Amino acid sequence: MARLTNKTAVITGGTTGIGFETAKLFIAEGARVIITGRNQTRLDEAVAALGSNVAGIKADVQSLDELDSLATQVQEIVGQFDILFANAGIAKRANFRDVTEADFDQEIAINFKGAFFTVQKLEPLMNNGSSIILTTTILDQTALPGEGIYGASKAAVRSLARSLSRELLDRQIRVNAVAPGPIETPIWSKMDLPEDVPAQVLGRTPIGRFGKPEEVAKAVLFLASDDSSYMLGEEILVDGGWATL
């Protein structure tokens, strides 16, 4: 039997990369899925590509008004649901001395504030015993020059996986995190990296290649399913050994 039969999942940041591949895998495993994105065109394209058992809702996680609207629409479409993958995030490269207040505020607003309030707004709609998965990064354990704010924002999300696990024990809702390493997703092209950085990252990765979004999706599936029923507050690294070897 498919691992997510009769389950419903909400995935923020589900139009490309890890979010999209996770939605695809969840559907293949029997789930009904709602994805969100900030761009209506990309959202429509993703929904069309995913086919049946999927709905799309336009939402920007840095806006509490839009998260309130998201919760209302989720309730209208599915009522209660079982899996929340709080995946929406951005990475903006800037050296420490060049970081602006606007850069700082945007990354914190989307990566940390967005994750926190996504859970706060949607948790009341989740069934008891549900699973929440947060997207962090290996940069909450190590460092890459120019990614200080990104790494710090995701370290805060890593902390949320622990604290929310404690706070949601009354409903037996498990909260865990998945920490991608260097993965072939559109976020890399948006980071404005110097030409030599991808080669440096690859050279630092013991497995010798960049990961694929579908490889991270499989870890998310594990955390979403009953296969991980005895796990909470944990972070699974999917990084080719970068952070530990």
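The text that follows walks through the structure, step by step, so that each part is easy to find. All values derive from a computational prediction rather than experimental measurement. (Residues numbered from 1 in each chain as written. Predicted model: local features only at pLDDT ≥ 70, side-chain atom pairs only at ≥ 80, totals over all residues. Heavy atoms only, no water.)

**Points about helix H5 (residues 148–167)**
Given a rise of 1.5 Å per residue, 20 residues ought to cover 28 Å, and the 29 Å separating the end C-alpha atoms of H5 matches this to within 8%. Of all the positions in H5, only Ile149, Tyr150, Gly151, Ser153, Lys154, Val157, Arg158, Leu160, Ala161, Leu164 and Ser165 are classed as buried. Tucked inside the fold, the buried residues of H5 contact helix H4 (101–122), strand E5 (126–135), strand E6 (174–180) and strand E7 (235–238). (Helix = DSSP H or I, 4+ residues; strand = E, 2+ residues; numbered from the N terminus. Expected span 1.5 Å × (residues − 1). Buried < 20%, exposed > 50% of the residue type's maximum accessible area, 1.4 Å probe, protein only. Contact = heavy atoms within 4.5 Å.)

**Examining the sheet that holds E7**
The strand order across the open sheet built from 7 strands is E3-E2-E1-E4-E5-E6-E7, with neighbouring strands paired in parallel fashion. Strands with a single pairing partner mark the edges of an open sheet, and in this sheet they are strand E3 (54–58) and E7. Sheet twist, expressed as the average angle between the axes of neighbouring strands with direction ignored, equals 20°. In terms of strand pairing, strand E4 (residues 81–86) meets E5 through 5 bridges, oriented parallel. Note that in E5 the partner of phenylalanine 85 across the bridge is isoleucine 133. Contacting strand E2 (32–37) and E3, helix H2 (residues 40–50) crosses the sheet at an angle of about 175° to E3. (Pairing = 2+ DSSP bridges. Axes fitted to C-alpha atoms, helices over the stretch in contact; angles between N-to-C directions.)

**Describing the pairing of E6**
Counting buried residues in E6 gives 7 out of 7 residues, a clear majority hidden from the surface. Note: E5 against E6, 5 bridges, orientation parallel. Looking at the pairing, isoleucine 133 lines up with asparagine 176 of E6. Pairing of E6 with E7 involves 4 bridges; the strand directions are parallel. The partner of alanine 177 across the bridge, within E7, is glutamate 235.

**Some thoughts on the pattern of salt bridges**
A side chain with one charge may pair with a side chain of the opposite charge, provided their charged atoms come close. Applying the stated criterion to the full structure yields 9 salt bridges. Here aspartate 227 makes a salt bridge to arginine 3, at a shortest N to O gap of 3.4 Å. With aspartate 227 in the loop between helix H8 (213–224) and E7 and arginine 3 in the segment before strand E1 (8–12), this residue pair connects regions lying 224 residues apart in the sequence. The partner of arginine 158 in a salt bridge is glutamate 235, and the shortest N-O contact between them spans 3.5 Å. Of this pair, arginine 158 sits in helix H5 while glutamate 235 sits in strand E7; the two residues are 77 residues apart in sequence, bridging distant segments of the chain. Across this residue pair, the class does not change: arginine 158 and glutamate 235 are buried. Shared partners join several salt bridges into a network, and the residues in it are Arg3, Glu29 and Asp227. (Salt bridge = Lys/Arg side-chain N within 4 Å of Asp/Glu carboxyl O.)

**Considering the packing of aromatic side chains**
Considering all chains together, one arrives at 1 aromatic pair under this definition. Between phenylalanine 116 and phenylalanine 117, the ring centres sit 5.0 Å apart and the planes meet at 80°, which makes this aromatic pair edge-to-face. (Phe/Tyr/Trp six-rings, centres within 6.5 Å; stacked < 30°, edge-to-face > 60°.)

**Looking at H8**
Along its 12 residues, H8 runs 16 Å from first to last C-alpha, staying within 8% of the 16 Å computed at 1.5 Å per residue. Along H8, the residues that are buried comprise Pro213, Val216, Ala217, Ala219, Val220, Leu221, Leu223 and Ala224. Buried residues in H8 make contact with helix H1 (17–28), E4, E5, E6 and E7.

**Side note on the nonpolar core**
Counting residues in each nonpolar core, the largest one holds 31 residues, and the members touching the most others are Val74, Phe81, Leu84, Leu122, Ile132 and Leu134. Counting residues per element, this core draws most heavily on helix H3 (residues 64–78), which supplies 5 residues. Setting aside chain neighbours within four positions, we find valine 74 in contact with Val10, Ile34, Ile57, Gly79, Phe81, Leu122 and Leu125. Ala9, Ala23, Val33 and Ile83 belong to the second largest nonpolar core, which has 27 residues in total. (Core = buried A, V, L, I, M, F, W, Y, C linked by side-chain atoms within 4.5 Å.)

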